[in-house]
Amino acid sequence: MSSFKTIEWKDNRVIMIDQTKLPNEEVYFQCQTYEDVADAIKRMVIRGAPAIGVAAAMGIALGAIKIETSDRDIFFGEVHKITDVLLATRPTAVNLFWAAKRMLRVLNEQQGDIEGIKRRLVLEANNILLEDIEICRNIGRVGAELIEDNSVVLTHCNAGALATGGYGTALGVIRGAVEAGKNIKVLATETRPFLQGARLTAWELDKDGISVSLITDNMVGHIMSRGMVDAVVLGADRIAKNGDVANKIGTYSISVLAKSHGIPFYVAAPISTIDYDCPDGNSIPIEERNINEVTHILGNRIAPDVNVYNPAFDITPSENVSSIITEKAVVGEPFTEGLSELIK
Ligand code: MRU
């Protein structure tokens, strides 16, 4: 396990490591209300698909316990309103919608008194967190077998302990390989514009004593052409039914480069990241974020006042993906069949 907690429920508050402050400060953001949780997700105090799912579930539980009514209809209506606020925070990571759906299912199943329902919602949110950590460990175990000893593995963005309940998906595979005794070196792309690779992946791997070298995003082609990358392992925000993958902007370019250099391209994600209602990547909503993320670095303006485009994610077509690593199995071509087997 990592030596920090990404998110936890404590004394009827939600505490999360503030990822906007890393790596310079390790401080924790305390959410007293569900609005605090929604704000934290929007501002990316917490980010990464599975971690956003856990935060949303805890946000719903936090909102629910503060509702003061003995009328079941009013209580149910308020929980739905709270859920809608959390659902409006970020559009691409499907784990947010998955976790909210799971919380609403628990709500709708409850026959007892309101205090009992509140306790059940808190329990469910904590279960989502605990299960996520276990799922990531399994992704790590399953995926580690694909990574050869003495490999250099390139990863993009942060799909680590910080992006999940703990342990990570892509970094879970790397942790799994290291725990299996393999000698692994990681190349982390800095991941402009939000710098999740430089600020977060480099920080958490270094903290865990895993060898990491940082590169800028535009170095990937050169480094691959020199034979310096053995495999790419990264995460996903949403995987369509046909295996198309939405992940951090820049993932598609890396997939094209990996294919052209014959380097395996692995996507590590929990089954909750697969959206079986999305036929292909074209139907995945892509979040557009504030242009200041592009025109500024750490608060300093680096560009004149021109038009800016800031999509936070891109789509990698399944033909560029070697395998999708889940907690149950590694899925390869044909993806539609393989992915549907996972939920049988
Ligand atoms: O915008 P972010 O930082 O939330 O984007 C995160 C990613 O793209 C991750 O790769 C993805 O969520 C997988 S996290 C296990």
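Residues numbered from 1 in each chain as written. Predicted model: local features only at pLDDT ≥ 70, side-chain atom pairs only at ≥ 80, totals over all residues. Heavy atoms only, no water.

Asks: Looking at this structure, how should I read the side chain of Asn-158?
Replies: Mapped onto the fold, Asn-158 is located in the loop between strand S4 (151–155) and helix H6 (170–179). At a separation of 3.4 Å, a polar atom in the side chain of Asn-158 contacts the main-chain amide nitrogen of Gly-160. A distance of 3.5 Å separates a polar side-chain atom of Asn-158 from the backbone nitrogen of Ala-163. (Helix = DSSP H or I, 4+ residues; strand = E, 2+ residues; numbered from the N terminus. Polar contact = N/O pair within 3.5 Å; in protein donor to acceptor, adjacent residues only side chain to side chain.)

Asks: For this particular structure, what's the right way to read the sheet that holds strand S6 (residues 212–215)?
Replies: Pairing between the strands of a sheet comes from backbone hydrogen bonds, and it takes one of two forms, parallel or antiparallel. Within the open sheet, the seven strands sit side by side as S6-S5-S4-S7-S10-S15-S16. Their pairing is mixed. Strand pairing shows two members of the sheet lacking a second neighbour, S6 and strand S16 (330–331), which therefore form its edges. Where strand S7 (residues 231–234) and strand S10 (residues 265–268) come together, three bridges link them in parallel fashion. In the strand pairing of S10, Leu-234 is matched with Val-267. Across the sheet, H6 is in contact with S4, strand S5 (184–189), S7, S10 and strand S15 (323–325); its angle to S5 comes to roughly 160 degrees. (Pairing = 2+ DSSP bridges. Contact = heavy atoms within 4.5 Å. Axes fitted to C-alpha atoms, helices over the stretch in contact; angles between N-to-C directions.)

Asks: What should I look at first to understand the site of the ligand in this one?
Replies: Lining the immediate environment of the ligand, one finds 19 residues, of which Arg-47, Arg-90, Asp-237, Asn-247 and Lys-248 sit closest. Arg-47 places a side-chain nitrogen or oxygen 2.8 Å from an oxygen atom of the ligand. Side-chain polar atom of Asp-237 to an oxygen atom of the ligand: 2.7 Å apart, as the coordinates give it. Compared with its free state, where it exposes 410 Å², the ligand has 100% of that area covered by protein. Viewed by domain, the shell around the ligand spans two of them, domain 1 (7–137) and domain 2 (145–341), each represented by three or more residues. (Near = heavy atom within 4 Å. Areas by Shrake-Rupley, 256 points an atom, 1.4 Å probe, with all protein chains shown as cover. Domains from an automatic or database assignment.)

Asks: How should the confidence of the model for the protein be read in this particular structure?
Replies: Parts of the model with low pLDDT should not have their predicted coordinates read in detail. Overall, the prediction assigns the protein a mean pLDDT of 97, with 100% of residues at 70 or greater. Mean pLDDT per element in the protein: strand S12 (residues 296–297) is the minimum at 94, and S10 is the maximum at 99. (pLDDT = per-residue confidence, 0-100.)

Asks: Is there a simple way to think about the packing of aromatic side chains in this case?
Replies: For any pair of aromatic rings, the description rests on two quantities: the centre-to-centre distance and the angle between the ring planes. In total, this model carries two aromatic pairs according to the counting rule given. Ring geometry for Phe-4 against Trp-203: centres 5.0 Å apart, planes inclined by 50 degrees, an arrangement best described as tilted. Here the residue Phe-4 occupies a position in the segment before strand S1 (7–10), and Trp-203 occupies one in helix H7 (residues 196–207), the gap between them amounting to 199 residues. Grouping residues by exposure puts Phe-4 and Trp-203 together as buried. Here Lys-248 stacks its cationic end above the ring of Phe-313, 4.2 Å away from the centre of that ring. The ring of Phe-194 carries Arg-289 above its face, with NZ or CZ at 5.9 Å from the centroid. (Phe/Tyr/Trp six-rings, centres within 6.5 Å; stacked < 30°, edge-to-face > 60°. Buried < 20%, exposed > 50% of the residue type's maximum accessible area, 1.4 Å probe, protein only. Lys NZ or Arg CZ within 6 Å of the ring centre and 35° of its normal.)

Asks: Is there a simple way to explain the sheet that holds S1 in this structure?
Replies: Strand order across the open sheet formed by three strands is S1-S2-S3, with antiparallel pairing between neighbours. A strand with exactly one partner marks an edge of an open sheet, and here the two such strands are S1 and strand S3 (28–31). Direction aside, the axes of adjacent strands within the sheet are offset by 25 degrees on average. Bridge count between strand S2 (residues 13–17) and S3: four bridges; the pairing is antiparallel. Looking at S3, one finds that Met-16 is bridged to Phe-29. Seen against the sheet, helix H2 (residues 49–65) touches S1, S2 and S3 and runs at an angle of roughly 20 degrees to S1.

Asks: What is the right way to look at the pattern of salt bridges in this model?
Replies: Two side chains bearing opposite charge may form a pair once their charged atoms approach each other closely. Going through the model one piece at a time under the given rule, you end up with 19 salt bridges. In this structure, the salt-bridge partner of Glu-293 is Arg-289, at a minimum N-O distance of 2.6 Å. Arg-289 gets classed as buried once you look at its relative accessible area, which sits at 15%. One network of salt bridges, with partners in common, ties together Arg-90, Glu-287, Arg-289 and Glu-293. (Salt bridge = Lys/Arg side-chain N within 4 Å of Asp/Glu carboxyl O.)

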